[in-house]
Amino acid sequence: MDIERVNQYINGLYATRTNLSKTKYSEETALKDFTPTIDTEVARFLKFIIHLTNARNILEIGTSIGYSTVSMAKEIINNNGKITTIEYDEVVAKQALSNFARENVDRAIELKIGDAWKILPSLSGQYDVIFLDVDKRLYPALYEDCIRLLKPDGILIADDTLFPVVDLDEKWRYLIPYIKEFNDLVIHDDRVMSTILPIGDGVTIAIRRDADL
Ligand SMILES: C[S@@+](CC[C@H](N)C(=O)[O-])C[C@H]1O[C@@H](n2cnc3c(N)ncnc32)[C@H](O)[C@@H]1O
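Heads up: these notes are all about the structure in this document. For clarity, every value in this text was computed on a predicted model and none was experimentally measured.

A short note on the pattern of salt bridges
If charged atoms from side chains of opposite charge come close, those side chains can pair.
Reasoning step 1: Inspection of the entire model under this criterion finds 14 salt bridges.
Reasoning step 2: We note a salt bridge from Lys 74 to Glu 103, for which the minimum N-O separation is 3.1 Å. Of this pair, Lys 74 sits in helix 4 (residues 67-76) while Glu 103 sits in the loop between helix 5 (90-102) and strand 3 (109-113), placing them 29 residues apart in sequence.
Reasoning step 3: Assessed through its relative accessible area of 14%, Glu 103 is described here as buried.

In structure tokens:
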């Protein structure tokens, strides 16, 4: 299966049903120098999960210009919920804040500016959903804190977990070992039930099974 073709097909099917595509959002952002955001079909999946689980409390690790944050906020607002999102690049964080206001979702978002590696251990909230989309080298190191911060039956969603098999730009290939290590951690962890979906560059979804903790 050619994942890129699959994603193009899905995006084509939903083109007229998507009011916040990655392309449109990025074009409307003044800052042009930022790390890639999630793909449009991943944004659709995040909204789907939030609706399905009636999520009210989300933690996002890796904000960038806030495309994923805004996509989730548009759904969580219907649940009177809130997103806490973490970004350490102050320039990109400033752009994210202005995008939150432009999209009229700022009331549902708290942006923490700082290093996720330092912030995560200090958090004690119980989250319905944690969305991990930070520097891939941090995925294995942040995994235990993600599990600790999930509510029973809470869901960890991690982006880019099919890096080892997608057609990846040469400049990102050094990240593959970290993703492999992360995938190993999740797959061999009896505390979670998980799978990997071939959307975007691969999305892991892992549910904390409290009965087994
Ligand atoms: C892939 S981008 C996030 C994209 C965003 N989730 C979206 O789809 O719109 C990853 C972001 O994580 C930030 N980042 C990388 N390492 C970090 C760290 N240690 N703490 C906080 N943010 C970090 C980067 O500056 C970058 O903006």
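Section: the packing of helix 7 (residues 139-149) against helix 8 (residues 176-187)
Reasoning step 1: For the pair helix 7 and helix 8, the least separation of the axes is 8 Å and the interaxial angle reads 30 degrees. Taken together, the axes of helix 7 and helix 8 lie roughly parallel to each other. For the pair helix 7 and helix 8, the contacting residues are Tyr 139, Pro 140 and Tyr 143 in the first and Tyr 178, Ile 179, Glu 181, Phe 182, Leu 185 and Val 186 in the second.

Focus on the environment of Ala 43
Reasoning step 1: Within the element layout of this structure, Ala 43 appears in helix 3 (residues 40-53).
Reasoning step 2: Placed 50 residues apart in sequence, Ala 43 and Ala 93 show a C-alpha to C-alpha distance of 19 Å.
Reasoning step 3: Excluding anything up to four places from it in sequence, Ala 43 contacts Ile 38, Tyr 67 and Ser 71.

Observations regarding the side chain of Asp 159
Reasoning step 1: Relative to the elements of secondary structure, Asp 159 occurs in strand 5 (residues 150-159).
Reasoning step 2: Buried charge without a salt bridge: Asp 159, with Lys 136 as the nearest opposite-charge side chain at an N-O distance of 5.4 Å.
Reasoning step 3: If we ignore the near neighbours within four places in the chain, the residues touching Asp 159 are Ile 38, Val 42, Phe 131, Leu 132, Asp 133, Lys 136, Tyr 139, Gly 202 and Val 203.

Section: helix 7
Reasoning step 1: Summarising burial for helix 7: eight of the eleven residues are buried, a large majority.
Reasoning step 2: Among the residues of helix 7, those classed as buried are Tyr 139, Pro 140, Leu 142, Tyr 143, Asp 145, Cys 146, Ile 147 and Leu 149.

Structural notes on the sheet that holds strand 7 (residues 203-208)
Reasoning step 1: Pairing is mixed in the open sheet, where seven strands are placed in the order 3-2-1-4-5-7-6. Only two strands of the sheet have a single neighbouring strand rather than two, namely strand 3 and strand 6 (192-197). Here the strands of the sheet are splayed against their neighbours by 15 degrees on average, with no regard to which way each runs.
Reasoning step 2: As defined by bridge partners, strand 5 adjoins strand 7 across five bridges and the pair is classed as antiparallel. Bridge assignment links Ala 158 to a residue of strand 7, and that residue is Thr 204.
Reasoning step 3: Set on the sheet, helix 3 makes contact with strand 1 (57-61), strand 4 (127-132), strand 5, strand 6 and strand 7; between it and strand 5 the angle comes to about 175 degrees.

Looking at the environment of Tyr 67
Reasoning step 1: Within the element layout of this structure, Tyr 67 appears in helix 4.
Reasoning step 2: A residue is classified by how much of its surface remains accessible, and Tyr 67, at 1% relative accessible area, is buried.
Reasoning step 3: In the structure, Tyr 67 is positioned 48 residues away from Asp 115 in sequence and 19 Å away in space, judged by C-alpha atoms.
Reasoning step 4: Each residue touching Tyr 67, except ones within four places of it in the same chain, is listed here: Leu 20, Ser 21, Lys 22, Tyr 25, Thr 37, Ile 38, Asp 39, Thr 40 and Ala 43.
Reasoning step 5: Here the side chain of Tyr 67 touches Lys 22 through a polar contact of 3.2 Å, landing on its backbone nitrogen.

What counts as what
- Residues numbered from 1 in each chain as written.
- Predicted model: local features only at pLDDT ≥ 70, side-chain atom pairs only at ≥ 80, totals over all residues.
- Heavy atoms only, no water.
- Salt bridge = Lys/Arg side-chain N within 4 Å of Asp/Glu carboxyl O.
- Helix = DSSP H or I, 4+ residues; strand = E, 2+ residues; numbered from the N terminus.
- Buried < 20%, exposed > 50% of the residue type's maximum accessible area, 1.4 Å probe, protein only.
- Axes fitted to C-alpha atoms, helices over the stretch in contact; angles between N-to-C directions.
- Parallel < 35°, antiparallel > 145°, perpendicular 65-115°, else oblique.
- Contact = heavy atoms within 4.5 Å.
- Lys, Arg positive; Asp, Glu negative; His and termini not counted.
- Pairing = 2+ DSSP bridges.
- Polar contact = N/O pair within 3.5 Å; in protein donor to acceptor, adjacent residues only side chain to side chain.

The values are spatial; any link to function lies outside them.
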